[in-house]
Amino acid sequence: MTNDTNVTWHEHQVARSDREAMKGHKGCVVWFTGLSGSGKSTLANTLDHRLHGHRLHSAVLDGDNVRHALNASPSMLRSVHGDDFAERFGLGFSAIDREENIRRIGAVAQLFSQAGIIALTAFISPYRQDRDRVRATMAPGEFIEVFVDTPIEICEQRDPKGLYKKARAGEIKGFTGIDDPYEQPLSPELTLYAGQKSPGELVDEVIQYLQEREIVRL
Ligand SMILES: Nc1ncnc2c1ncn2[C@@H]1O[C@H](COP(=O)(O)OS(=O)(=O)O)[C@@H](OP(=O)(O)O)[C@H]1O
Ligand SMILES: Nc1ncnc2c1ncn2[C@@H]1O[C@H](COP(=O)(O)OP(=O)(O)O)[C@@H](O)[C@H]1O
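It should be emphasised that the depicted structure is a prediction, and the values quoted were computed from it without experimental measurement.

### Some thoughts on the site of ligand 2
Part 1: Neighbouring ligand 2 are 15 residues, the closest being Gly 37, Lys 40, Ser 41, Thr 42 and Lys 197.
Part 2: With respect to ligand 2, the backbone of Leu 35 contributes an N or O atom lying 3.5 Å from an oxygen atom.
Part 3: Look at ligand 2: alone it shows 560 Å² of surface, and the protein chains cover 71% of it.
Part 4: Within the residue set of the shell around ligand 2, elements represented by two or more residues are helix H2 (40-53) and helix H10 (199-212).
Part 5: Within the shell around ligand 2, the residues separate by chemical class into five nonpolar, seven polar and three charged.

### A look at the site of ligand 1
Part 1: As a matter of local geometry, ligand 1 sits amid 20 residues, with Ser 36, Arg 67, Arg 98, Asn 101 and Ser 125 nearest to it.
Part 2: Contacts to ligand 1 include Ser 36, whose side-chain N or O atom sits 2.5 Å from an oxygen atom.
Part 3: Here an oxygen atom of ligand 1 sits 2.8 Å away from a polar atom, N or O, in the side chain of Lys 161.
Part 4: Look at ligand 1: alone it shows 630 Å² of surface, and the protein chains cover 92% of it.
Part 5: At the level of elements, helix H3 (63-66) and helix H6 (95-114) are the ones that each hand at least two residues to the shell around ligand 1.
Part 6: Here the shell around ligand 1 gets three residues from one element, more than from any other, and that element is H6.

### Brief notes about the side chain of Lys 40
Part 1: Position of Lys 40 relative to the elements: it lies in helix H2.
Part 2: Buried charged residue Lys 40 carries no salt bridge. Nearest counter-charge: Asp 62, at 8.2 Å.
Part 3: A distance of 2.9 Å separates a polar side-chain atom of Lys 40 from the backbone oxygen of Leu 35.
Part 4: In this view, Lys 40 contacts Phe 32, Thr 33, Gly 34, Leu 35, Ala 122, Phe 123, Ile 124 and Val 148; residues no more than four positions away in its chain are not counted.

### Side note on the nonpolar core
Part 1: By size, the foremost hydrophobic cluster in this structure holds 25 residues, and its most contacted members are Val 30, Phe 32, Leu 47, Ile 144, Val 206 and Leu 210.
Part 2: Of all the secondary-structure elements, those providing two or more residues to this core are strand S1 (28-33), H2, strand S3 (118-122), strand S4 (143-148), strand S5 (190-192) and H10.
Part 3: Ranked by residue count, the leading element in this core is H10, at six residues.
Part 4: Residues within four places of Val 206 in sequence aside, it is in contact with Val 30, Phe 32, Leu 47, Leu 190 and Leu 192.
Part 5: Listed in part, the twelve residues of the second largest apolar core include Leu 61, Ile 105, Val 134 and Met 138.

### Some words on unusual backbone geometry
Part 1: Unusually for a residue other than glycine, Asn 6 sits at a positive phi of about 60°.
Part 2: One can find Asn 6 in the segment before helix H1 (16-23).
Part 3: Notably, Glu 214 is not glycine yet its phi reads approximately 60°, a positive angle.
Part 4: Mapped onto the elements of the fold, Glu 214 is located in the segment after H10.

### Brief notes about the UniProt feature "domain: APS kinase" (unreviewed entry) in the protein
Part 1: On the UniProt side, "domain: APS kinase" (unreviewed entry) is annotated at positions that read residues 26-192 here.
Part 2: Span residues 26-192 is 45% helix and 15% strand, its end C-alpha atoms 22 Å apart.

### As for the pattern of salt bridges
Part 1: Applying the stated rule across the entire model yields 16 salt bridges.
Part 2: Taking the shortest distance from any N to any O, the salt bridge between Arg 133 and Glu 99 comes out at 3.1 Å. Pair noted here: Arg 133 is in helix H7 (residues 128-136) and Glu 99 is in helix H6, with a separation of 34 residues, a long-range link.
Part 3: Exposure remark for Arg 133: the relative accessible area of 42% places this residue in the partly exposed category.
Part 4: Exposure remark for Glu 99: the relative accessible area of 34% places this residue in the partly exposed category.
Part 5: For Glu 189, the salt bridge is made with Arg 135, and the minimal N-O distance between the two is 2.8 Å. Placement of the pair is Glu 189 in the loop between helix H9 (163-168) and S5 and Arg 135 in helix H7, with a sequence separation of 54 residues.
Part 6: The class for Glu 189 is partly exposed, based on a relative accessible area of 26%.
Part 7: Note on Arg 135: relative accessible area 25%, which makes it partly exposed.
Part 8: A cluster of three or more residues bridged by salt bridges with shared partners is formed by Arg 131, Arg 135, Glu 145 and Glu 189.

Conventions adopted
- As a convention, each chain's residues are numbered from 1 in the sequence order in which they are written.
- Chains and ligands are labelled sequentially in the order written, the chains with letters from A and the ligands with numbers from 1.
- Since the coordinates come from a predicted model, pLDDT governs what is reported: local features require at least 70, and pairs of side-chain atoms require 80 or more to be given and counted, while whole-chain, interface and lining totals use all residues.
- No hydrogens and no water enter the side-chain calculation; it runs on all heavy atoms of the structure.
- Being near a molecule or strand, for a residue, means having at least one of its heavy atoms within 4 Å of it.
- Any pair of N or O atoms that falls within 3.5 Å is considered a polar contact. Within protein, one atom must be able to donate a hydrogen and the other to accept it, and sequence-neighbouring residues count only if both atoms are side-chain atoms.
- A 1.4 Å probe and the Shrake-Rupley method give the accessible areas. Residues count as covered only by the protein chains that appear here.
- Starting at the N terminus, helices and strands are each numbered in turn, a helix being any DSSP run of H or I of at least four residues and a strand any DSSP run of E of at least two.
- Here the nonpolar group is Ala, Val, Leu, Ile, Met, Phe, Trp, Tyr, Cys and Pro; Asp, Glu, Lys and Arg are the charged ones; every other residue, Gly included, is treated as polar.
- Summary of the burial criterion: residues with accessible area below 20% of their type's maximum are buried, those above 50% are exposed, and those between are partly exposed, where the area comes from a 1.4 Å probe applied to protein chains only.
- Here Asp and Glu are counted as negative and Lys and Arg as positive; His is not counted, and neither are the chain ends.
- Salt bridges are identified by distance alone: a Lys or Arg side-chain nitrogen within 4 Å of an Asp or Glu carboxyl oxygen.
- Whether two residues are in contact is decided by their heavy atoms, any of which lying within 4.5 Å being enough.
- Throughout, nonpolar core names a set of buried Ala, Val, Leu, Ile, Met, Phe, Trp, Tyr and Cys residues whose side chains join them through atoms within 4.5 Å.
- UniProt positions are given in the numbering used here, feature names are shortened, and annotations may be inferred rather than shown by experiment.

Now the structure itself:
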């Protein structure tokens, strides 16, 4: 990365390997991607609960929650920061806003991972390039892309927030899978057929992967 701002990278005194040795597992990013309603949040939270039960250090970064603070919308920022700030830094769902959403989340997830934590992210992250850019910032094996492959018909049937209904009625424009793209991963580390199995069974598959790669030992 070019550096024209006199900003210097500092190495920390406590190395990543020191933190990992203390915790007894590696830091990594388990990146769930899939349509709205595919089961990303459920899987991230079920996995978090399972890891926590084994006294491992994990944390969930979730689309709806992150969009309440770090990646708040212009309308959420306006009252405190004013119009110019809100327009410049607030994020919606245009392609460029989704790109910035994923860039920021990728950077946060990397910080977690470097601190030896198993970061579990649950974002639609519809663009392949955005996901691949996050992958490129990490060490080999650190970024584990998990495609939550639930057919849109099932997602639409579930529709827990009524968003597909609104999108079909034209009340939400640019809704992923309806009138906005979702680019499936070409070679994810894992694909979960999440329309057919319970969250517990699917999480077993992720844990098996983490064990095989010696990221965790249960
Ligand atoms: N236009 C549009 N398209 C898709 N989703 C929408 C949209 N508007 C609001 N929502 C709600 O926002 C959640 C997705 O946020 P993400 O940050 O994961 O999206 S993205 O990765 O930037 O594409 C998504 O949450 P999930 O259902 O958990 O995926 C929706 O609740
Ligand atoms: N494997 C599964 N089998 C059946 N229902 C599921 C499964 N995973 C999630 N669900 C249900 O589907 C809905 C959407 O799940 P959610 O995790 O919120 O998806 P996303 O975060 O991808 O939008 C919720 O009502 C949830 O309880």
